[in-house]
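As a plain string of letters, each chain reads:
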Amino acid sequence: MSRQILYLAIPLLCLFAAIISGLLGPRIGRVNAHRAAIGGVGLAFILSSIVAIDVYFGNTFNGTVYTWATSGDVRFEVGFLIDPLSAVMMVVVTFVSLMVHIYTIGYMAEDPGYTRFFGYIALFTFAMLMLVMSNNFLQLFFGWEGVGLVSYLLIGFWYERESAIRANLKAFLVNRVGDFGFLLGIGAVLALFGSLDYATVFAAAPSSEGLSLVDPFGNEWHWITVICLLLFVGAMGKSAQVPLHVWLPDSMEGPTPISALIHAATMVTAGIFLIARMSPLFELSRTALSVVLIIGALTALLMALVALVQTDIKRVVAYSTLSQLGYMTVALGASAYSVAIFHLATHAFFKALLFLAAGSVIIAMHHEQDMRRMGGLRKSMPITYLTCVIGSLALAGVPPFAGFFSKDAIIEAVHLSTTPGAGFAYVAVLVGVVLTAFYSFRLVFMTFHGVPRMDEQTRSHLHESPRVVTVPLILLAIPSVIAGALLVEPALTGTLFGSSVVTPEGSVGHGPAGALAMLAHAPFSAPLWLALAGILVAWLFYCARPEWPGWVAKRLRVVVWVLEHKFGFDELYQRVFADGSRALGETLWRWGDRRLIDGLMVNGTAAVVVRASVLFRRVQSGLVYHYAFAMIIGLVGLMSWLLFR
Amino acid sequence: MSWFDQHLLSLVIWFPVLGGILVLSTGSDRNAPVARRLALGIAITSFILSLPLWTRFRLDTAAMQFVERQPWIDRFNVHYHLGIDGIAMPLVLLTTFLTVIVVIAGWQVIRERVAQYFASFLIMEGLMIGVFCSLDGVLFYLFWEAMLIPMFLIVGVWGGPNRVYAAIKFFLYTLLGSLLMLVALLYLYNATGGSFNILTFAQLPLDGPTQLMVFLAFFAAFAVKVPMVPVHTWLPDAHVEAPTGGSVILAAITLKMGAYGFLRLAIPIAPDAAHQLAPLVIALSLVAVIYIALVALVQQDMKKLIAYSSISHMGFVTLGFFIFDTRAMEGALVQMISHGFVSGALFLCVGVLYDRLHSREIASYGGVVKVMPVFSFFLVFFAMANAGLPGTSGFVGEFLVILGTFSVNGWYAALAAVTLVVGAAYTLWMVKRVAFGPVTSPAVAQLQDLSGRETLMLLMVAAGVLALGLWPLPLLDVMHASVDNLLAHAAVSKL
């Protein structure tokens with residue numbers, strides 16, 4: 001019982017923090033508002049850590065909080081599942097959230113929406129916790145839409161900017177396309193299993209493997225495959241997989257702290273979490289896994305390519321996030337679910353770090369985000385520089401930083417995978433390694449090295465950010481260095497996640513067991529050399545030979561054009577879906593409602609009545625001789641009929 | 001049963017009607033403050049009077065409760081016969097609750113013929129409750145038609161510039177439909193050998209062609225009221241011209257009367273015809289969900305947009321009914337209550353803006369959040385509820401209908417789920433253009449945020465939306481027995 005209260009307290013603390021700082025913020029003042037938010041989320045982090053330790057010692061939990069509704073023979077419940085997977089997610093979410101809360105004090109110091117911002121991010125933490133702690137699909141969907149709502153509110157936080165409110169509408173709608181699949185997936189789960197409870201569904205899944213349905217075109221589909229594909233559509237929306245990725249780069253219109261929290265570390269990984277959670281289902285469908293693998297590989301490769309040509313510092317990090325989400329998805333497709341979550345965790349740390357470092361640069365540059373106007377910042381911003389390099393090394397997968405272990409494990413898993421499409425995915429992730437190293441160090445070199453390219457005014461005022469900004473950077477840099485080495489062994493050997501995710505035999509490369517062995521093996525494997533090559537090229541292009549990028553761009557004009565237009569997804573969607581549905585709506589309204597129904601049927605009927613009455617009115621002229629004449633004609637007619645019938 | 005229980009429904013029906021007449025008696029606008037206070041007192045008392053319907057409601061039976069039956073017109077065997085089950089009871093409470101809101105909404109806004117305005121709403125309240133409680137065909141028909149009169153007056157007297165066209169269109173549309181219903185009722189009277197008891201109608205065996213004719217006659221009446229495509233075009237016009245309170249009642253309750261009619265009359269009396277025509281009704285419902293949502297997307301007038309959104313949401317209700325699945329039907333019933341709250345609240349929001357700028361055009365606004373943060377909070381909240389966000393009531397109905405539909409036919413469910421995208425698109429696009437962005441005009445810059453009265457009314461509805469979204473169990477518990485009974489009844493062929 002006491003544990004249940006503990007579990008309940010974790011999300012509710014965040015909710016209360018959100019209500020106090022968000023709704024009462026204007027009354028209680030800025031300082032009290034951020035105290036409330038940080039206090040609530042900080043306490044949630046401490047409690048989550050306690051829960052994680054408790055779970056490590058084997059105390060898992062699966063129970064109901066309250067019955068939300070009953071209908072037919074189904075009970076819809078709100079409840080918690082506390083197992084290693086949710087414990088890892090809880091710690092990651094609350095830790096990154098806490099760092100972002102602290103950072104916000106500095107970053108948003110001058111913003112009039114200060115208290116509102118704290119309310120939103122605390123609310124986000126609540127919704128995200130509800131998502132990861134859920135023990136059923138209903139509550140999962142609640143958290144899923146909850147984080148979507150807060151993401152919508154935060155992308156549009158600066159509501160006077162047209163670009164921001166376009167981006168948040170786009171983000172919500174693209175996510176809704178994913179939710180369309182997700183909700184139908186939930187419908188399919190209920191139709192097949194008669195329950196939305198994870199444990200019940202997973203227990204019943206193996207015996208449902210053979211069940212199939214036939215679509216109207218005569219194709220036969222396994223139920224489980226249909227369910228998995230529908231759920232994956234949801235995951236594609238939230239985790240921004242091609243072709244539903246278009247919202248994530250635009251989400252950078254929001255303040256930087258939320259780019260770190262929501263659009264890098266936590267919310268966008270909800271889709272990865274979802275599939276890891278559903279691993280008992282996905283394991284039963286090779287078709288679904290193959291789709292997951294190929295979509296992930298496409299995302300990893302295409303988005304890394306787009307990142308090469310970005311000049312906005314946040315957008316580079318955003319495209320890198322997309323690419324890394326692709327890596328996680330690839331791991332899921334290769335049945336290496338624990339590896340995907342491992343990369344999710346390390347990525348959360350170093351990507352939040354990179355975003356916050358980018359934010360620190362942006363403050364120093366007075367909200368300039370174009371890297372072409374930066375350069376040489378390392379002298380005036382040493383802490384930001386150092387932490388940013390750590391984050392970039394981790395992202396590029398250089399040992400012994402965190403990203404090395406998780407990325408290497410993914411590459412190894414894809415190498416071992418027999419899922420259809422694994423060959424393509426293997427090439428994609430290897431090419432991705434070069435690209436990742438290149439664009440991350442392109443960012444470092446363009447921003448911190450070389451000659452300063454900003455105007456004199458800005459340059460004279462350059463200084464390191466305040467402590468509320470640098471302390472979270474340092475605190476995030478620590479796990480970015482060590483989390484990989486610490487977690488790699490338990491994550492790969494299965495002791496970390498236990499049975500909370502399925503680990504099929506042979507899906508995770510055990511190869512060199514343990515962190516030290518992996519480090520020792522690194523010089524003899526391709527990924528390290530690919531990463532170093534990427535860094536070297538970046539150094540050549542942006543430090544040693546600054547004239548090379550222009551020269552290459554001129555030679556590869558078509559490629560650059562395609563990349564700068566991000567493969568044309570945005571234009572296509574704008575034309576076909578946005579403009580298309582509006583044109584369709586306009587047509588239906590003008591021709592269907594106004595012309596056909598109102599014009600022809602309603603007013604048409606009225607007009608017929610009017611015309612008829614005009615006609616009949618003429619007959620009733622009121623003149624006696626008209627009537628008499630009519631009577632005679634009638635009489636003649638009647639008599640003729642009687643006579644000649 | 002106590003005397004109180006036996007006459008409670010009569011009290012809930014006639015108290016507001018008599019109260020409305022009392023308000024009328026205050027006469028001219030010189031006594032407006034008296035009329036307002038009196039109206040509010042009567043509305044609140046009616047609401048309190050209706051609460052025992054829930055607290056004393058028995059969950060374990062599908063039988064009619066709070067039954068009252070007196071002979072009325074002996075010659076034709078007409079009875080004054082009232083009673084409610086788990087389908088009707090929530091609608092009665094919704095009516096009494098929203099009437100309070102509507103009285104608050106009209107408080108300062110209505111300055112001409114104040115007593116008459118409030119009296120119309122109070123009288124209409126009683127008549128609408130009468131529709132939900134009638135178990136006698138003649139009584140049902142009387143309430144059904146009598147209710148048109150105050151609504152016709154509300155649109156025609158306090159409405160906008162094009163009010164006469166709208167009022168007459170509304171009147172003729174619904175009247176044509178309901179005349180066919182009268183024919184069906186008279187036929188059933190003869191077929192039963194002289195009874196107008198709706199419960200007797202339900203047990204009457206009818207052959208296939210007869211059922212089809214009876215069903216179509218009812219369908220004409222109810223489809224217009226819901227409204228279903230293609231007989232929906234009266235609704236946007238009526239909404240645009242109606243005063244805020246009229247729009248709220250029209251969307252929140254009047255539309256529900258059509259849906260209620262399907263469950264009380266059409267399906268139980270002609271179950272075989274209902275099953276036979278179900279594909280048609282489902283198709284029309286899905287057309288409503290998608291076609292109307294696309295039409296809503298391009299509306300420039302906020303009220304029209306919400307009106308089309310209402311039609312689209314009501315498509316979910318009729319879809320849920322004609323899938324003949326427990327979850328879908330219960331979802332449809334929750335959707336009826338939820339839509340009452342959400343569409344009512346959205347019309348109130350538009351009313352708030354209209355009272356200030358006298359424009360319903362989306363283009364007249366922009367950047368409202370800057371000057372009206374509290375209002376914008378509510379607008380975004382209700383917009384999200386309209387888009388079916390979990391945690392709000394809007395989610396519960398859509399979720400259950402989609403789940404129930406999926407278990408019957410996955411393709412129908414997929415088409416219905418399109419609303420997830422399009423519904424969010426038209427609602428949030430409107431919010432974006434009205435609330436967000438830079439402040440577009442000096443008039444917008446002058447706007448005042450919500451007054452205490454306006455905050456109160458929106459807060460009350462928001463509480464309902466949130467409570468229903470977070471814990472719909474109590475509402476569903478009320479429905480279970482009646483829905484199970486209805487579905488079991490409809491599953492048995494009368495042939």
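On a predicted model such as this, the values are computed, not experimentally measured, just so you know. Residue positions are counted from 1 within each chain, in the order its sequence is given. By the order in which they are written, chains take letters starting at A while ligands take numbers starting at 1. For this predicted model, a pLDDT threshold of at least 70 governs which residues receive local features, and a threshold of 80 or more governs which side-chain atom pairs are given and counted, while totals over whole chains, interfaces and linings are taken from all residues.

Novice: Just to check I follow, could you spell out the overall build of chain A for this structure?
Specialist: Put simply, DSSP marks the helices as runs of H or I at least four residues long and the strands as runs of E at least two long, and each gets a number from the N terminus on. Looking only at helices and strands, chain A has 27 helices and four strands in total. Across its three principal directions, the C-alpha atoms of chain A cover 120 × 65 × 60 Å. Put simply, chain A has 645 residues, and 56% of those count as buried. Across chain A, contacts joining residues at least 24 apart in sequence account for 81% of those joining residues at least 6 apart. As a rule, residues whose C-beta atom has 12 or fewer other C-beta atoms within 10 Å are exposed, those with 20 or more are buried, and those in between are partly exposed; C-beta atoms are placed from the backbone. Our contact criterion uses C-beta atoms placed from the backbone: two residues qualify when those atoms are within 7 Å.

Novice: Please explain the overall build of chain B as it appears in this structure.
Specialist: From N to C terminus, chain B includes 22 helices and two strands. As defined in this context, the radius of gyration uses C-alpha atoms, and a globule is described by 2.2 Å times the residue total to the power 0.38. Here the C-alpha atoms of chain B give a radius of gyration of 21 Å, agreeing with the 23 Å that 2.2 N^0.38 yields for 495 residues. In terms of overall dimensions, chain B has a C-alpha envelope of 70 × 55 × 40 Å along the principal axes. Across the 495 residues in chain B, those meeting the buried criterion constitute 63%. In chain B, once contacts between residues fewer than 6 apart in sequence are set aside, the share between residues at least 24 apart is 81%.

Novice: What should I look at first to understand the interface of chain A and chain B in this one?
Specialist: Many descriptions give the size of an interface as the accessible area lost when the pieces come together. Listed by partner, the interface residues are 40 residues for chain A and 39 residues for chain B. Breaking the side of chain A that touches chain B down by element, the ones donating at least two residues are strand 1 (61-71), helix 6 (137-155), helix 7 (162-193) and helix 26 (569-619) of chain A. If you tally residues by element for the side of chain A that touches chain B, the top one is helix 7 of chain A, at 15 residues.

Novice: Just checking my understanding: could you explain the pairing of strand 2 (residues 74-82) of chain A for this structure?
Specialist: Successive side chains on a regular strand alternate, one facing one side of the sheet and the next facing the other. A pair of strands is treated as paired once DSSP finds two or more bridges between them. Of the strand pairs in this sheet, strand 1 of chain A and strand 2 of chain A are connected by nine bridges, and their pairing is antiparallel. Each residue of the ladder has a partner; that of Phe61(A), found in strand 2 of chain A, is Ile82(A).

Novice: I'm lost on the packing of helix 14 (residues 286-307) of chain A against helix 19 (residues 422-448) of chain A in this one. Help?
Specialist: To characterise two packed helices, one gives the angle between the axes of the helices and the distance between these axes. Residues and elements named next belong to chain A. Axes here mean lines fitted to C-alpha atoms, for a helix over just the part in contact, with angles spanning 0 to 180 degrees between N-to-C directions. In contact at an axis separation of 9 Å, helix 14 and helix 19 are set at 25 degrees when each is read in the N-to-C sense. Here helix 14 is positioned roughly parallel relative to helix 19, judged by the angle of their axes. Where helix 14 crosses over helix 19, the two elements pack in a sense that is left-handed. Contacts between helix 14 and helix 19 involve Leu293, Ile294, Ala297, Ala300, Leu301, Ala304, Leu305 and Ala307 from the first element and Ala422, Phe424, Ala425, Ala428, Val429, Val431, Gly432, Leu435, Thr436 and Tyr439 from the second. Gly is placed with the polar residues, together with every amino acid not listed as nonpolar (Ala, Val, Leu, Ile, Met, Phe, Trp, Tyr, Cys and Pro) or charged (Asp, Glu, Lys and Arg). A per-class count over the contact of helix 14 with helix 19 returns 16 nonpolar, two polar and no charged. In these notes the angle categories are as follows: under 35 degrees is roughly parallel, over 145 is roughly antiparallel, 65 to 115 is roughly perpendicular, and the rest is oblique. Crossings are classed by handedness, with left-handed meaning an anticlockwise turn of the near helix from the far one by less than a right angle and right-handed meaning a clockwise turn.

Novice: Is there a simple way to explain unusual backbone geometry in this structure?
Specialist: Leave glycine aside and you will find that most residues have negative phi; peptide bonds, for their part, are mostly trans. Of note, the bond from Val226(B) into Pro227(B) is cis; its omega dihedral lies within 30 degrees of zero at -15 degrees. Pro230(B) follows Val229(B) through a cis peptide bond whose omega is 5 degrees. Locating Pro230(B) in the fold gives a position in the loop between helix 9 (208-225) and helix 10 (234-241). Positive phi outside glycine occurs at Lys566(A), with the angle close to 50 degrees.

Novice: How do you make sense of the pairing of strand 2 (residues 78-84) of chain B when you look at a structure like this?
Specialist: Residue and element names in this part refer to chain B. Sheet analysis places strand 1 (residues 65-73) next to strand 2, joined by six bridges and oriented antiparallel. Of the residues in strand 2, the one forming a bridge with Gln70 is Tyr80. Counting the residues in the hairpin turn of strand 1 and strand 2 gives four residues, including Asn77, whose phi is positive at 60 degrees.

Novice: Please clarify how the environment of Pro206(A) should be interpreted in this entry.
Specialist: Along the polypeptide, Pro206(A) turns up in the loop between helix 8 (198-204) and strand 3 (212-214). Along the chain, Pro206(A) and Pro280(A) lie 74 residues apart, while their C-alpha atoms are 8.5 Å from each other.

Novice: I would appreciate a short explanation of the packing of helix 7 of chain A against helix 19 (residues 419-435) of chain B in the present structure.
Specialist: Interaxial distance between helix 7 of chain A and helix 19 of chain B falls to 9 Å at its minimum, and their mutual angle equals 165 degrees. It follows that helix 7 of chain A is roughly antiparallel to helix 19 of chain B by the angle criterion. Here helix 7 of chain A and helix 19 of chain B pass one another in a crossing that is right-handed. Here Ile165(A), Leu169(A), Phe172(A), Leu173(A), Arg176(A), Val177(A), Asp179(A), Phe180(A) and Leu183(A) of helix 7 of chain A come into contact with helix 19 of chain B, specifically with Leu420(B), Val421(B), Ala424(B), Ala425(B), Leu428(B), Trp429(B) and Lys432(B).

Novice: Just to check I follow, could you spell out helix 9 of chain B for this structure?
Specialist: Side chains three or four residues apart in an α-helix point the same way, a direct result of the helix having 3.6 residues per turn. All names here are of chain B. The span you would expect from a helix comes to 1.5 Å times its residue count less one. For helix 9, with 18 residues, the first-to-last C-alpha span of 26 Å sits near the 26 Å given by 1.5 Å per residue. In this scheme, the bend at a residue equals the angle between the axes fitted to the seven residues that finish there and the seven that begin there. Where helix 9 bends most, the angle comes to about 30 degrees, and this point is Phe219. Those residues of helix 9 that fall on the buried side of the exposure criterion are Gln211, Val214, Phe215, Ala217, Phe218, Phe219, Ala221, Phe222, Ala223, Val224 and Lys225. Structurally, helix 9 contributes buried residues whose contacts are with helix 7 (163-191), helix 11 (244-269) and helix 12 (271-297).

Novice: Got a minute to help me understand the environment of Leu346(B) in this structure?
Specialist: Residue and element names in this part refer to chain B. Within the element layout of this structure, Leu346 appears in helix 14 (residues 326-357). Taking the C-beta count within 10 Å as the criterion, Leu346 has 28 such neighbours and is therefore assigned buried. Residues Leu346 and Ala383 lie 37 residues apart in sequence; the distance between their C-alpha atoms is 7.5 Å. Beyond its immediate sequence surroundings of up to four residues, Leu346 is in contact with Ile306, Phe382 and Asn386.

Novice: It is not clear to me how the confidence of the model for chain B should be interpreted in this structure. Could you clarify?
Specialist: Atom-level detail of predicted coordinates should not be read off regions where pLDDT is low. Along the chain, pLDDT gives the predictor's confidence residue by residue, from 0 to 100. Taken as a whole, chain B shows an average pLDDT of 91; of its residues, 100% reach a score of 70 or greater. For this predicted complex, the interface confidence comes out at an ipTM of 0.92, alongside a pTM of 0.92.

Novice: I would appreciate a short explanation of the environment of Ala221(B) in the present structure.
Specialist: Residues and elements named next belong to chain B. With respect to the element layout, Ala221 can be found in helix 9. For Ala221, a count of 28 C-beta atoms within 10 Å gives the class buried. In this structure the C-alpha to C-alpha distance between Ala221 and Ala105, which are 116 residues apart in sequence, comes to 30 Å. Residue contacts for Ala221: discarding those within four places in its chain leaves Gly177, Ser178, Leu180, Met181 and Gly261.

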